[in-house]
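Analysis of the macromolecular model
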Amino acid sequence: MREVIKKNWEYTLFEKKDKMILSVLCSSVALFSVNIELNDSEKEGFEKFGESYINDLAKKVRRVPSVFQTRHGDMSSFV
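Residues numbered from 1 in each chain as written. Predicted model: local features only at pLDDT ≥ 70, side-chain atom pairs only at ≥ 80, totals over all residues. Heavy atoms only, no water.

Turning our attention to the sheet that holds strand β4 (residues 31-37). Spatially, β1-β2-β3-β4 is the arrangement adopted by the four strands of the open sheet, whose pairing is antiparallel. In this open sheet, the two strands that pair with only one neighbour each are β1 (2-7) and β4. Each adjacent strand pair in this sheet contributes to an overall mean axis angle of 15 degrees, direction not counted. Bridge analysis of β1 against strand β2 (residues 11-16) gives five bridges, and the strand direction is antiparallel. Bridge assignment links Lys7 to a residue of β2, and that residue is Tyr11. Running over the sheet, helix α1 (residues 40-49) touches β1, β2, β3 (19-27) and β4 and is turned about 90 degrees from β3. (Pairing = 2+ DSSP bridges. Helix = DSSP H or I, 4+ residues; strand = E, 2+ residues; numbered from the N terminus. Axes fitted to C-alpha atoms, helices over the stretch in contact; angles between N-to-C directions. Contact = heavy atoms within 4.5 Å.)

In sequence, β1 turns back onto β2 through a hairpin of three residues, with Trp9 there showing a positive phi of about 65 degrees. As defined by bridge partners, β2 adjoins β3 across six bridges and the pair is classed as antiparallel. Across the sheet, Leu13 pairs through a bridge with Leu22, a residue of β3. Hairpin connection, β2 to β3: the antiparallel pair is bridged by two residues, and Lys17 has positive phi, about 55 degrees.

So this is what it looks like as structure tokens:
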């Protein structure tokens, strides 16, 4: 798995073959990560707008992580 973008204490975007996985550091009472595979629409957004698109997506995940919970997976599940 290759790191495409890494923002310490915020998020890391990984690429593995045709998959792109965004791991966002979130917090409430404790720190936890939400790991999602980018869907086709999100991949297109990244291709079109680059890092700024991923910044915005990470903010959405961090703001309301429960919205992305159905897409969350352990990093080993994306390998």
